[in-house]
Every structure is written in C-alpha cells, then in structure tokens.
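Here's the letter readout for the chains.
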Amino acid sequence: MRHPLVQEAAPASHGREILVTGVAGFIGSRAALRLASRGWRVRGLDRVSPPRPVADVLCRLIVGDLRVEGVAEEALAGVDTVLHAAAHTDLPRAQADPEVDFGDNVLGAFRLLEAARKSRTPPTIAFLSSFRVYGDNVDLALAGQGPKGYTLALPFQWGISELFSTDQCERTAHGTHKLLADLMAQEFAHSYGLRVGVFRVGPVAGPGHDASSDGCWLAALQRASADRLLQIDPDQTLDLLHVDDLVDAVLAFVDSDWHHLVLNVGGGVQNAVRPYDVAAAILTTGAQGDGRVDPAGVLATYPKVWVTDIGRAARALGWTPRRDLKTILEEQGIPWQVAPSVTRDSARPAENICLGLA
C-alpha cells in the first residue's frame, strides 16, 4: 500500500478543524480559503498539492488517494468536520472509462464514510452530491418552449426539489455513480448514526472555475471562440450558484441542530438565465477564449432547463444565495444588466422563464 504524504503547512489556529477532500480542485480550494478566513483550521486531502495561496492556509496537507486503504483514516484523525468535495468531474472520460469515475466517486466516498463510521468520535460530514442524480427525469418537468426559452411546468415553477424522483430514468455513468455515493452517504446516516448533510449541488461558478469541471458551464462559455458561442441552444435555461454561497450552505448545516439532511443547493429561480444571453454579453466585451472548448457540447450534457428549488434549504437552514447573477457574472468581467425588481406574485424575470410567462 502506498502511504499518504503528510505535510505540515501553516501555523495552527485555535478554531475547529475541518478536512476538505479534493482541496486542489475548484470547490475544495475555494472552500479552504473561505473556511480559513472564518477561523477554521483547515486540513487538506488531494492526490496533488494545491497551489498557493491555498497551500498557505492549510494546517496540514495529506497528499494521498482516498481509494487506497488507510488514507481516509489518516486524513480523518482528529478532525470534527469533513467537507467531501473530492470527485471525478470529467463527464466524457467517465462515460468512456466508467471504472475511473466509479473509483473516485463511489469507492473513494465509501472509504471516507467507513473510516468515519469506525472513528472513536465520528465527524460531521458535508457530502457534495450533484443535480446529475435526477437524470433525464428533469425533462418530464418541461412545460415546453416559450418565447423566452424552455419552461418548467407546474408544480415545478420554483425549480426541482428533493422530492423529485431519481428512479426509472436514464443518466450518465457519472450521474449514476454520484447517485450511488449520495444514497450511500444517506445510508451511513440512517444505519450507523453518522451526522451527514448531502448537498445536491447545481451549476457552480466563481474564482478558479474550470471548463473541465462538471457544473461549470459558465467557464465553458468563457473558453469558447466567438463563432462557437453563437452555436449554443438559445432556449436552454440554467441556474448558477456562487461557490462561496455553497460553502455558506455547508457551514449553515454544520452549525445547525440537524443530524441528517438532503438538500438541493443551487442558484434558484433568482439566478436562472439562458446561457445564450450570457454568451451575448461575453461577445460585447470582445474577449476571446482559447477555442479549445465546444460550449454546445458541454451544454448538451445539461438538461434543457435546470433550476434548483432551494425552498428546503431556506426553511431548514435559513440559507439562500447572497450573490446574485449580476455579481457572479461581473466578477468574471461579464457585463450584466439587471431588470427592475417585481413582486413574487408577478414573478421576477428569471421566474417568468420558469413559469413560461415572459
């Protein structure tokens, strides 16, 4: 067995200690920075070392592979909280070589959960799942194609909730593996008493996002050449969540009294947008991507409409996204015009898209 490489990094603070798996990835690295700024002692685990400044905020770095026996036990020793952000996110490779995706997304998750179960003081686990678990069932919620794009039918006007079926549908190998890990995390909560929050995360964006990561459709648009931006589906509608809001949702669960929750976490109706409109905004800047990403191909892996119903997260944790679409896009240098606010009865502009009223 290859043992993990343990590196002591930044001086320890006196806060609680959290393990962030996948600390070199987009979500994991951003989470490490945000958690450290909140006073947490952050321990990182990944197969590669994260770059600075992420490495500088870690109290400990373990370079290892969760699939290997013993790595999870070493990583968990002494922590009271875990953010499991490690995942295989390359959808094309997952479909071509499902064994790799299974190893990272299912076996790695099992090793972590089993190590937590056997721990003398099992940690709280925030387990990042995916909207991909719902497969093509999401298409059943389509009302059709309205003047402003594809629309969701009643009763899904506020998006897809946790009650939406994951059964009897087609999904990719990646989506199937994420569902297996998702259900496994829930089972460890029910059967073994672990404190687990499962977060079915919608599309995410923010500093450091990458077009190769599942969920980062905005990064795919930014990498595309101008001519390819014009080839995407003009009617597709997707929401967008800032990565810092995701970390805030995790912390809201950690600091709550809930023992186990399954939550859909995403941008919601207020952050729903047609990628085509974002592409048009990118074109106005004159910015040119490197052309190595086909945005139409990336967006074809998404449902025609994905809008997250964040109602349960709001009710259970008092959490809603703080960063609106304008903030997310302008942080990336994409200009965005905000329509005037209206009441819930008449619906905000993005909600009109979902309701088919725009």
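That block above? That's the structure.
Residues numbered from 1 in each chain as written. Predicted model: local features only at pLDDT ≥ 70, side-chain atom pairs only at ≥ 80, totals over all residues. Heavy atoms only, no water.

Caption draft 1: Region of the structure containing the side chain of D245. Structurally, D245 is set in helix 9 (residues 243-254). Engagement of the side chain of D245 in a polar contact is seen with the side chain of R323, the distance being 2.5 Å. Residues contacting D245, with those up to four places away along its chain left out, are W319, P321, R322 and R323. (Helix = DSSP H or I, 4+ residues; strand = E, 2+ residues; numbered from the N terminus. Polar contact = N/O pair within 3.5 Å; in protein donor to acceptor, adjacent residues only side chain to side chain. Contact = heavy atoms within 4.5 Å.)

Caption draft 2: Inspection of the sheet that holds strand 15 (residues 305-306) at higher detail. The mixed open sheet is built from three strands, whose spatial order is 14-11-15. The outermost strands of the open sheet, each flanked by one partner alone, are strand 14 (272-273) and strand 15. Of the pairings in the sheet, the one linking strand 11 (residues 237-239) to strand 15 comprises two bridges and is parallel in character. Of the residues in strand 15, the one forming a bridge with T237 is V305. (Pairing = 2+ DSSP bridges.)

Caption draft 3: Main features of unusual backbone geometry. With an omega of 10°, the peptide bond running from R52 to P53 counts as cis. Of the consecutive residues L154 and P155, the connecting peptide bond is found in the cis state with omega at 10°. With respect to the helices and strands, P155 occurs in the loop between strand 8 (149-152) and helix 6 (173-192). The backbone of Q168 sits at a positive phi, close to 50°, despite the residue not being glycine. Along the chain, Q168 turns up in the loop between strand 8 and helix 6.

Caption draft 4: Representation of the nonpolar core in the model. Ranked by internal contacts, the top residues of the largest apolar core, which has 42 residues, are L35, V42, L83, L128, F199, V265 and W319. Among the nonpolar cores identified, the runner-up in size contains 36 residues, and I160, A224, L240 and V278 belong to it. (Core = buried A, V, L, I, M, F, W, Y, C linked by side-chain atoms within 4.5 Å. Buried < 20%, exposed > 50% of the residue type's maximum accessible area, 1.4 Å probe, protein only.)

Caption draft 5: Summary view of the pattern of salt bridges. Applying the stated rule across the entire model yields 23 salt bridges. Two residues, E17 and R41, come together in a salt bridge whose shortest N-O distance is 2.6 Å. Highlighted residues: E17 in strand 2 (residues 17-21) and R41 in strand 3 (residues 41-46), separated in sequence by 24 residues. Neither residue differs from the other here; E17 and R41 are each classed as buried. Beyond isolated ion pairs, a larger network of salt bridges with shared partners links R30, R34, R38, D244, D245, D248 and R323. (Salt bridge = Lys/Arg side-chain N within 4 Å of Asp/Glu carboxyl O.)

Caption draft 6: Just the layout of surface pockets, in detail. By volume, the largest pocket amounts to about 900 Å³. In this structure, the largest pocket is lined by 40 residues; those nearest its centre are A85, A86, A87, H88 and T89. Of all elements in the fold, only helix 1 (26-37), strand 3, helix 5 (98-118), strand 6 (124-130) and helix 6 reach the threshold of two or more residues within the lining of the largest pocket. Looking at side-chain class alone, the lining of the largest pocket contains 14 nonpolar, 16 polar and ten charged residues. (1 Å grid on protein atoms, 1.4 Å probe; cavity = no way out; pocket = protein on both sides within 12 Å on 5 of 7 lines; lining within 4 Å. Points joined across faces, edges and corners; volume = space filled by probe spheres on them. Nonpolar A, V, L, I, M, F, W, Y, C, P; charged D, E, K, R; others polar.)

Caption draft 7: Broad picture of the packing of helix 1 against helix 9. Their axes nearest at 10 Å, the elements helix 1 and helix 9 cross at an angle of 65°. One finds that helix 1 runs roughly perpendicular with respect to helix 9. In this structure, the crossing between helix 1 and helix 9 has a hand that is right-handed. Contact with helix 1, carried on its side by F26, I27, R30, A31, R34 and L35, involves V243, D244, L246, V247, D248 and L251 of helix 9 and no other residues of that element. (Axes fitted to C-alpha atoms, helices over the stretch in contact; angles between N-to-C directions. Parallel < 35°, antiparallel > 145°, perpendicular 65-115°, else oblique. Left-handed = near helix turned anticlockwise from the far one by under 90°.)

Caption draft 8: Looking closely at the packing of helix 5 against helix 6. Relative orientation of the contacting elements helix 5 and helix 6 amounts to 10°, with a least axis distance of 9 Å. What the angle tells us is that helix 5 and helix 6 run roughly parallel. Counting all contacts with helix 5, which are made through P98, D101, F102, N105, V106, A109, F110, L113, E114 and R117, the residues of helix 6 involved are A173, H174, H177, K178, L180, A181, M184, A185, F188 and Y192. A per-class count over the contact of helix 5 with helix 6 returns 13 nonpolar, three polar and four charged.

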